[in-house]
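Report on the structure
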Amino acid sequence: MSAATSSIDSTVDSRDLAVRMSVLDAATSYCSRGWSVLPVPYREKNPGLNGWQKLRLKGNDLTAHFNGKPGNIGVLLGEPSGWLIDVDLDHQFCVDMADEYLPPTPLVFGRPGKPRSHWLFKVTAPLPSKRFRSKSAGSLVEIRSTGMQTVFPP
């Protein structure tokens with residue numbers, strides 16, 4: 001995978017987003033990076049909107065959708081966000097081994113129960129989504145790309 005990836009230049013540490021930014025500020029920051037965002041209901045992972053894969057919010061759309069009410073931010077992955085991908089580490093063993101096997105990236109985040117479980121990269125060529133499973137351990141790692149989204153901080 002390393003031949004097709006490059007790390008992302010980071011101007012905002014993802015840990016700072018969870019502490020300092022409102023959801024609207026974070027959505028605006030993500031859009032300024034060229035990433036496509038969408039609203040996700042509070043405490044949910046699923047956007048709950050028909051056709052969310054085609055949603056492209058810009059400018060004033062952000063304030064209408066991220067209006068101060070509790071909510072989450074989803075970032076569309078792959079083509080809509082300039083080939084941003086998320087390597088989603090589902091199993092704790094994979095989280096523990098990530099520094100050894102994944103290229104370095106300044107954008108790593110997770111939820112309190114599993115920090116460092118999402119590693120973001122820009123790929124230099126289209127990369128399909130793929131899930132890696134084990135019969136005994138279940139889901140291990142998922143490469144999330146076009147047609148998928150991930151809930152980002154805060």
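Whatever comes next refers back to the structure up there.
Residues numbered from 1 in each chain as written. Predicted model: local features only at pLDDT ≥ 70, side-chain atom pairs only at ≥ 80, totals over all residues. Heavy atoms only, no water.

What follows deals with the overall build of the protein chain. Per the secondary structure count, the protein chain includes four helices and nine strands. Burial status across the protein chain gives 41% buried among its 154 residues. Put simply, 68% of the contacts in the protein chain that link residues at least 6 apart link residues at least 24 apart. For the protein chain, the exposed surface amounts to about 8,700 Å²; the carbon and sulfur share of it is 53%. (Helix = DSSP H or I, 4+ residues; strand = E, 2+ residues; numbered from the N terminus. Buried < 20%, exposed > 50% of the residue type's maximum accessible area, 1.4 Å probe, protein only. Contact = heavy atoms within 4.5 Å. Areas by Shrake-Rupley, 256 points an atom, 1.4 Å probe, with all protein chains shown as cover.)

Membership of the largest hydrophobic core comes to 16 residues, with the highest contact counts inside it found for Y30, W35, V37, I73, V75 and F152. Residue assignment for this core shows that the elements contributing at least two residues are helix 2 (23–32) and strand 3 (71–76). Among the elements that line this core, the one with the most residues is helix 2, at three residues. Judged by nonpolar contacts, the second largest core, of 13 residues, contains L89, V95, F121 and I143. (Core = buried A, V, L, I, M, F, W, Y, C linked by side-chain atoms within 4.5 Å.)

All right, on to the pairing of strand 6 (residues 114–123) then. For strand 6, the buried fraction is high: seven of the ten residues fall into the buried class. Where strand 4 (residues 84–89) lies against strand 6, five bridges are found, and the strand directions are antiparallel. In the sheet register, L84 faces strand 6, and the bridge partner there is K122. Sheet topology note: the strand 5 (residues 108–111)/strand 6 ladder contains three bridges and is antiparallel. Within strand 6, the position partnered with R111 by the bridge is K114. Between strand 5 and strand 6, which pair antiparallel in sequence order, lie two residues. (Pairing = 2+ DSSP bridges.)

Looking now at helix 2. Looking at helix 2, one finds that the buried residues are A26, A27, S29 and Y30. Looking straight down helix 2, one finds its buried side chains confined to an arc of 160°; they lie on one side. G34 sits one or two positions beyond helix 2 and adopts a positive phi of about 90°. (Arc of directions from axis to C-beta.)

Take the sheet that holds strand 9 (residues 149–152) next. Sheet architecture is open: three strands sit in the order 2-3-9, paired in antiparallel fashion. With partners counted over all chains shown, the strands left at the sheet margins are strand 2 (37–41) and strand 9, one partner each. Taken over all neighbouring pairs, the strand axes of this sheet differ in orientation by 40° on average, direction set aside. Both strand 2 and strand 3 contribute to a ladder of five bridges, which runs antiparallel. Among the inter-strand pairings, L38 is bridged to a residue of strand 3, identified as G74. Across the sheet, helix 2 touches strand 2, strand 3 and strand 9, and the angle it forms with strand 3 is around 10°. (Axes fitted to C-alpha atoms, helices over the stretch in contact; angles between N-to-C directions.)

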